[in-house]
Amino acid sequence: TQLLEQSPQFLSIQEGENLTVYCNSSSVFSSLQWYRQEPGEGPVLLVTVVTGGEVKKLKRLTFQFGDARKDSSLHITAAQPGDTGLYLCAGEEGSGGSNYKLTFGKGTLLTVNP
Amino acid sequence: GAGVSQSPSNKVTEKGKDVELRCDPISGHTALYWYRQSLGQGLEFLIYFQGNSAPDKSGLPSDRFSAERTGGSVSTLTIQRTQQEDSAVYLCASSHRGGLYEQYFGPGTRLTVT
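Remember, it's a predicted structure, so these values are computed and weren't measured experimentally.

Chemist: Hey, could you run me through the interface of chain A and chain B in this one?
Modeler: For interface size, the figure often reported is the accessible area lost on association. The partner chain B presents 20 residues to the 23 residues of chain A that form the contact. A combined buried area of about 1,600 Å² lies between chain A and chain B, and 58% of that area is made up of carbon and sulfur atoms. For the chain A face of the interface with chain B, the top three residues by lost area are Tyr 100, Phe 104 and Lys 106 of chain A, together amounting to 35%. Summed over the shared surface of chain A and chain B, the number is zero salt bridges. The interface formed by chain A and chain B includes two residue pairs in polar contact (both at pLDDT 80 or more). For the side of chain A that touches chain B, the secondary-structure elements that each account for two or more residues are strand 4 (31-37), strand 5 (44-49), strand 9 (85-92) and strand 10 (102-104) of chain A.

Written out as structure tokens, the structure is:
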């Protein structure tokens, strides 16, 4: 089973600060997804990265997939209280495109204080 | 349109009792997934359905766990002779197909075994 380690596990910052959370593995993933989960709800997909070295931006969020497709990072600029939530990374096992099983990290619980 | 729905939202049961958890996927989604999320743990894959068949049951923790899907739509996860370690949030997700397609999650069922 491929494992994904996320760090930090908890992060509490003030509104306006920047932050980066990390997702690391010793295994190669064909693609990697980032989700955000709020209390009492299921995770919601933020982005999928497929190509090694890929960078995707979603407003104040920047996602990067490592060149070797073993790690990823999520950077948030000027965090807002609405960014509060559990951020999960998930890697797609297998050769990609034809597989379905996602391996999830344990998540980073982000709290942005006003 | 309607998202993935799950019922009940909360279930408290006594150790040794059987429970059934229900998932209504998004209409037209052929792929359906069950996950378990325990405190401090990431999402743990349980089972994957493509249509009514379950090509991957590898994540079911024991033979007390079973799942079925009928009519290519509603799915039921059954846990027999519940144990305290079964306490968790059970999440269901659906997608258009298996593979690299966005999974849409339901809000989950919080199961507490006393």
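Chemist: Which parts of the structure should I look at to understand the layout of surface pockets?
Modeler: Gaps between atoms show up when a probe of the same size as a water molecule is rolled over them. Taken as a whole, the largest pocket encloses approximately 720 Å³ of empty space. Along its surface, the largest pocket is lined by 30 residues, and Gln 37 and Leu 86 of chain A together with Gln 37, Leu 39 and Arg 110 of chain B are the ones closest to its centre. Every element with two or more residues in the lining of the largest pocket is listed here: strand 9 of chain A together with strand 9 (88-95) and strand 11 (109-113) of chain B. Looking at the lining of the largest pocket residue by residue, the class counts come to ten nonpolar, 16 polar and four charged. Within this model, the second largest pocket holds a volume of roughly 540 Å³. If you go around the second largest pocket, you meet 24 residues; those closest to its centre are Leu 3, Thr 103 and Phe 104 of chain A together with Leu 43 and Glu 44 of chain B.

Chemist: What is the right way to read the pairing of strand 11 of chain B from this model?
Modeler: Residue and element names in this part refer to chain B. Here strand 11 shows one buried face, formed by Thr 109, Leu 111 and Val 113, and one open face, formed by Arg 110 and Thr 112. Summarising the sheet, strand 2 (residues 10-13) and strand 11 pair through four bridges and their orientation is parallel. Of the residues in strand 11, the one forming a bridge with Thr 13 is Val 113. Where strand 9 meets strand 11, three bridges bridge the pair, whose relative direction is antiparallel. Counted as the bridge partner of Ala 88 is Leu 111 from strand 11.

Chemist: Can you help me understand unusual backbone geometry in this one?
Modeler: Across residues other than glycine, the phi torsion is negative in most instances, and most of the peptide bonds are trans. That bond from Ser 7 of chain A to Pro 8 of chain A is cis: its omega, -10°, falls within 30 degrees of zero. With respect to the helices and strands, Pro 8 of chain A occurs in the loop between strand 1 (5-7) and strand 2 (10-14). Residue Pro 8 of chain B follows Ser 7 of chain B across a cis peptide bond; omega there is -10°. If you check the backbone angles, Lys 59 of chain A has positive phi at about 55° while not being a glycine. The phi angle at Ala 78 of chain A is positive, at roughly 50°, despite the residue not being glycine. Mapped onto the elements, Ala 78 of chain A comes out in the loop between strand 8 (71-76) and strand 9. Residue Ala 78 of chain A is classed as partly exposed on the basis of its relative accessible area, which comes to 30%.

Chemist: Please explain the nonpolar core as it appears in this structure.
Modeler: Soluble, globular proteins show a tendency: their nonpolar side chains are buried together. Residues Leu 19, Leu 32, Trp 34, Leu 74, Ile 76 and Leu 110 of chain A are the most contacted members of the largest nonpolar core, which totals 20 residues. At the level of elements, strand 3 (19-24), strand 4, strand 5, strand 7 (61-65), strand 8, strand 9 and strand 11 (108-113) of chain A are the ones that each hand at least two residues to this core. Excluding residues that lie within four positions of it along the chain, Ile 76 of chain A makes contacts with Glu 17, Asn 18, Leu 19, Arg 60, Leu 61, Asp 83, Tyr 87 and Leu 110 of chain A. Grouped together as the second largest cluster of nonpolar side chains are 19 residues, Leu 21, Ile 26, Leu 46 and Phe 49 of chain B included.

Chemist: Is there a simple way to think about the side chain of Gln 6 of chain B in this case?
Modeler: Residues and elements named next belong to chain B. Assignment of secondary structure puts Gln 6 in strand 1 (residues 5-7). At 3.0 Å, the side chain of Gln 6 forms a polar contact with the backbone nitrogen of Cys 92. When residues no more than four places from it in sequence are discounted, the contact partners of Gln 6 are Arg 22, Cys 23, Trp 34, Tyr 90, Leu 91, Cys 92, Gly 106, Pro 107, Gly 108 and Thr 109.

Chemist: I keep staring at the state of the cysteines and nothing clicks. Help me out?
Modeler: Working definition of a disulfide: a covalent bond connecting the sulfur atoms of two cysteines. Applying the stated criterion across every chain yields a total of two disulfides over all chains. The side chain of Cys 23 of chain A participates in a disulfide bridge whose partner is Cys 89 of chain A; the two sulfur atoms lie 2.0 Å from each other. Note on the Cys 23 of chain A and Cys 89 of chain A pair: the S-S dihedral is about 75°, so by sign convention the disulfide is right-handed. Pair noted here: Cys 23 of chain A is in strand 3 and Cys 89 of chain A is in strand 9, with a separation of 66 residues, a long-range link. On the accessibility criterion, Cys 23 of chain A (0% relative accessible area) is buried. In this model Cys 23 of chain B forms its disulfide with Cys 92 of chain B; the gap between the sulfur atoms is 1.9 Å. What sets the handedness of the Cys 23 of chain B and Cys 92 of chain B disulfide is the S-S torsion sign, and at about -65° it is left-handed. Remark: Cys 92 of chain B occurs in strand 9 and Cys 23 of chain B occurs in strand 3 (residues 19-24); sequence separation between them is 69 residues. For Cys 23 of chain B, a relative accessible area of 0% corresponds to the buried category.

The rules behind each value
- Residues numbered from 1 in each chain as written.
- Chains lettered and ligands numbered in written order.
- Predicted model: local features only at pLDDT ≥ 70, side-chain atom pairs only at ≥ 80, totals over all residues.
- Heavy atoms only, no water.
- Contact = heavy atoms within 4.5 Å.
- Buried area = accessible area lost by both parts, 1.4 Å probe.
- Salt bridge = Lys/Arg side-chain N within 4 Å of Asp/Glu carboxyl O.
- Polar contact = N/O pair within 3.5 Å; in protein donor to acceptor, adjacent residues only side chain to side chain.
- Helix = DSSP H or I, 4+ residues; strand = E, 2+ residues; numbered from the N terminus.
- 1 Å grid on protein atoms, 1.4 Å probe; cavity = no way out; pocket = protein on both sides within 12 Å on 5 of 7 lines; lining within 4 Å.
- Points joined across faces, edges and corners; volume = space filled by probe spheres on them.
- Nonpolar A, V, L, I, M, F, W, Y, C, P; charged D, E, K, R; others polar.
- Buried < 20%, exposed > 50% of the residue type's maximum accessible area, 1.4 Å probe, protein only.
- Pairing = 2+ DSSP bridges.
- Core = buried A, V, L, I, M, F, W, Y, C linked by side-chain atoms within 4.5 Å.
- Disulfide = S-S within 2.5 Å.

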